[in-house]
Amino acid sequence: MLKTLPNPTRGLGLFLAAVLFQTVLLLIAPAQQQYVLITGEEVTLKTAPVDPYDPLRGYYVTLGYDISRPDKLPGYPQAVTSGQTLYVVLKKPSTAKTAWTPERVSVLKPELGPGLVAIRGKVEAGRLVYGLETYYIPEAKREEIDQKLRTRTESALVDVKIDSAGQAVPVRLRVAGQVYEF
């Protein structure tokens, strides 16, 4: 009776397929961010910071935005549920490098005219979250940024890029005339 030997190339093929799949998974998030950075429109948002520390990732700034608060958003729907997606339509300011203002809120992706951009957020604990709330900073700049944020919160702005789907990626933090790009 003939005995069949296992095919060693089949095992190697499965191993390579698994490695390729994991590599693709690791590249999806950075590729998506790069797409938004390349294709998105730059928007400036007013922010108010808090400065925590994550032992695994280092120092970061947790940013809260005016556009995260329902009471600051015109046309915010009365009946929203946690996890619901909403779009906030932002209007371009008349002067450069000042914060864009919320124009209206939409449950569906809105049609936009000139000078308008829609940012997509999710309702969480009664606030809108955009994925822009955590901004990592180098430890060498931590003290400087922390001091400026705590004393000059009225002039804290974040420049973000927003793509046509409403996804946003932070580009730079501006505090008291100082620009921090990371």
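These numbers come from a predicted model, not from an experiment. (Residues numbered from 1 in each chain as written. Predicted model: local features only at pLDDT ≥ 70, side-chain atom pairs only at ≥ 80, totals over all residues. Heavy atoms only, no water.)

## A few points about the environment of Ala176
To keep it simple, the criterion reads: Note on conventions: DSSP H or I runs of at least 4 residues are helices, E runs of at least 2 residues are strands, and numbering of each starts at the N terminus. Burial classes: relative accessible area under 20% of the type maximum marks a residue as buried, over 50% as exposed, and values in between as partly exposed (1.4 Å probe, protein chains only).
In this structure, Ala176 sits in the loop between strand E10 (168-175) and strand E11 (178-181). Taking the relative accessible area as the measure of exposure, Ala176 reaches 30% and is therefore partly exposed.

## Structural notes on the sheet that holds strand E7 (residues 127-129)
As a general point, the strands of a sheet are linked pairwise by backbone hydrogen bonds and lie either parallel or antiparallel. Selection criterion: By this definition, two strands are paired if DSSP reports at least two bridges between them. Axis lines are fitted to C-alpha atoms, over the contacting stretch for helices. Their N-to-C directions set the angle, which ranges from 0 to 180 degrees.
Within the open sheet, the four strands sit side by side as E5-E4-E6-E7. Their pairing is antiparallel. Strands at the two margins of the open sheet, each flanked by one partner only, are strand E5 (101-106) and E7. When strand polarity is set aside, the average angle formed by the axes of neighbouring strands in this sheet is 45°. Where strand E6 (residues 116-124) lies against E7, three bridges are found, and the strand directions are antiparallel. Within the sheet, the bridge partner assigned to Lys122 lies in E7 and is Val129.

## Topic: the pairing of strand E9 (residues 156-162)
Taking burial as the measure, the seven residues of E9 include seven buried ones, the bulk of the element. The alternating pattern of E9 places Ala156, Val158, Val160 and Ile162 and Leu157, Asp159 and Lys161 on opposite faces, both of which are buried. The sheet contact formed by E9 and E10 spans seven bridges and is antiparallel. If you follow Asp159 over to E10, its bridge partner there is Arg172. The turn joining E9 and E10, which pair antiparallel and follow one another in sequence, is formed by five residues; a positive phi near 95° is taken by Gly166.

## Remarks on the pairing of E10
The buried fraction of E10 amounts to seven of the eight residues, a majority that puts the element mostly inside the structure. Direction of pairing for E10 relative to E11: antiparallel, over a ladder of four bridges. By the bridge assignment for E11, Val175 is matched with Gln178. Once E10 ends, the chain turns through two residues before running back antiparallel as E11, passing Ala176 with a positive phi of about 50°.

## Concerning the environment of Glu41
As for its position among the elements, Glu41 is in strand E1 (residues 41-50). Measuring from C-alpha to C-alpha, the distance between Glu41 and Asp163 comes to 6.3 Å, with 122 residues separating the pair along the chain.

## A word on the nonpolar core
Worth spelling out the cut-off: What is meant by a nonpolar core is a set of buried Ala, Val, Leu, Ile, Met, Phe, Trp, Tyr and Cys residues, joined one to another through side-chain atoms within 4.5 Å. Pairs of residues are marked as contacts when any of their non-hydrogen atoms sit within 4.5 Å.
In terms of nonpolar packing, the biggest core is built from 31 residues, with Leu90 and Ile119 touching the most fellow members. At the level of elements, E1, strand E3 (58-65), strand E4 (85-91), E6, helix H2 (139-151), E9 and E10 are the ones that each hand at least two residues to this core. Sorting elements by how many residues they give to this core places E9 first, with four residues. Aside from chain neighbours lying at most four places away, what touches Leu90 is Val43, Leu45, Ile67, Trp100, Thr101, Pro102, Gly115, Leu116, Val117, Ile119 and Ile162.

Function cannot be inferred from these measures alone, as they are strictly geometric.
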